[in-house]
Amino acid sequence: MKKILSILLMSIVCVAYAKPALKNAPSNQGENKIGKIETICKQEGKYLGWPTVLCRKSGELIAVFSGDRVAHICPYGKVQAIRSFDNGKTWSAPETFITSPLDDRDAGIIELENGHLVLFWFNSIAYQNERILKNYPEYKKSMLEESTKAQRDKFIGSYSAVSATDGKKWGFPVRTYGVAPHGGIQLKNGNLLFVGKGGRGNDKLSRSEPIKVNLSTDGAKSWKIIAGINIPEGDKITDYWEPHVVEAENGDLIVQLRCHKDSFIRQSVSKDGGKTWTVAEKINVVGFPSHLKRLKDNRILMTYARRQVNPKKAKYEPEHLIMGQYARFSSDNGKTWGNEIMLCHSFTGDMGYPSSAELPDGDIYTIFYHNVDTTPDNHKQKVTAIFGVRWTPEKKK
């Protein structure tokens, strides 16, 4: 690990003038074998973001994301999807799952035991912000001419929808509470669980909203809030964002949260099916947001991105300064997390939201979004793409 860290720190200096957007991670990291990064979806002149990948029981991979955009914040986002039937070697052209008069974004997807698909997403009106409208005056047309206030009031919020036709048609959207970039999960007992924060589509409002736990006992036809997750006394709820949940082998439910206080991931646990939760505590992992996946061998895989960190907010180790897409394993139901594994070395901040699927042969396929130009400024890129990397994890010990 020290050797890999030394190589990576040296590479930052070496590439200072070349300014690549991203490059492959070291291929050998202990017993983990990391493949090459592949572009799996790029739309000419468009911005794509916040993907989630699913491996179905049939072996089909589906990646959902917000596509056909013109910027990080805009009124034009659609929930789109691509498919692979050969373990990620080739991908289909994008198809649109959901489009509304608002900005559709942060798509998550799961497959139920009966083979139905459940899609999660939310609609944003953040583009109405005066600062955004000043930089993008063309958005005013979308706000004032392409949608009415009644439509905006109707569509704003977070939703799920069910498809019994492999995503070709979707049922009527059902409201959920809160935003979670990778959606919910199905529990061992068949119920669905979704943890969200914010979700009214307005950044100022969403920042002050609490973290809530949603439960569905009817296959996502309806949802009810069953609990909330508390943060440490003295912390600000405005610093907490973008939860994701996983069910461990022992039945524990684990939620991880993005935290702007210092960029360390927070974690909360429920031992009673989601009715009560521990206070969200800091774990020794820098990055955000997390995607959690329980593997067939019952380890939990965490994938996350690390952007730039602010040295005024916390004390960071040298490796915390290296941006990229990362992974870790837990073999004890989320109590501890193993060594950090780099999946992609990044050199700019507009990227991330990795999620992972386990392939039939035990390999992992991780996808994420990333800018494709070399501008270092965060969220000012006009073109991004969805990337994927296939890798072979170390065996469970």
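Structure shown above.
Please read these numbers as outputs of a predicted model, since none were measured by experiment.

The next subject is the sheet that holds strand β8 (residues 95–98). The strand order β5-β6-β7-β8 describes an open sheet built from four strands, whose pairing is antiparallel. Each end of this open sheet is capped by a strand with a single partner; those strands are β5 (47–55) and β8. On average, each strand axis in the sheet is tilted by 35° relative to the strand beside it, whichever way the strands run. One ladder, built from three bridges, connects strand β7 (residues 78–84) with β8; its direction is antiparallel. Its bridge partner being in β8, A81 is matched across the sheet by E95.

Moving on, we get to the side chain of H370. Take H370: it is sitting in strand β26 (residues 364–371). You can call H370 buried: its relative accessible area is 0%. Of note is the side chain of H370, whose polar atom sits 3.0 Å from the side chain of S346. Contacts of H370, omitting those with residues within four sequence positions, involve A21, L22, Q325, S346, T348, D350, M351, T384, A385 and F387.

Turning our attention to the pairing of strand β19 (residues 264–270). In terms of burial, β19 is largely enclosed, as six of its seven residues are buried. Where strand β18 (residues 253–259) folds back on β19, the antiparallel hairpin that results is connected by four residues, among which S263 adopts a positive phi of roughly 75°. Pairing analysis gives three bridges linking β19 to strand β20 (residues 281–286), with the strands arranged antiparallel. When the sheet's bridge partners are listed, R266 is paired in β20 with K282.

Cut-offs used in this document
Throughout, a residue's number is its position along its own chain's written sequence, starting from 1. For a predicted model such as this one, the threshold for reporting local features is a pLDDT of at least 70, and the threshold for listing and counting side-chain atom pairs is 80 or more; totals across whole chains, interfaces and linings nevertheless cover every residue. The side-chain figures draw on all heavy atoms in the structure; neither hydrogens nor water molecules are used. Only strands that DSSP links by at least two bridges are regarded as paired with each other. Runs of H or I in DSSP of at least four residues are treated as helices and runs of E of at least two as strands, each being numbered from the N terminus. Angles shown run from 0 to 180 degrees and are taken between the N-to-C directions of axes, each axis being a line fitted to C-alpha atoms and, for helices, limited to the stretch in contact. Here the term buried applies to any residue with accessible area under 20% of the maximum for its type, exposed to any over 50%, and partly exposed to those in between, with areas from a 1.4 Å probe on protein chains only. Any N or O atom pair separated by 3.5 Å or less is treated as a polar contact, with the protein-specific requirement of one donor-capable and one acceptor-capable atom, and with residues adjacent in sequence counted only for side-chain atom pairs. Contacts are residue-level and defined by heavy atoms, with any inter-residue pair within 4.5 Å sufficient.

Fair warning: the whole summary comes from geometry, so function is off the table for now.
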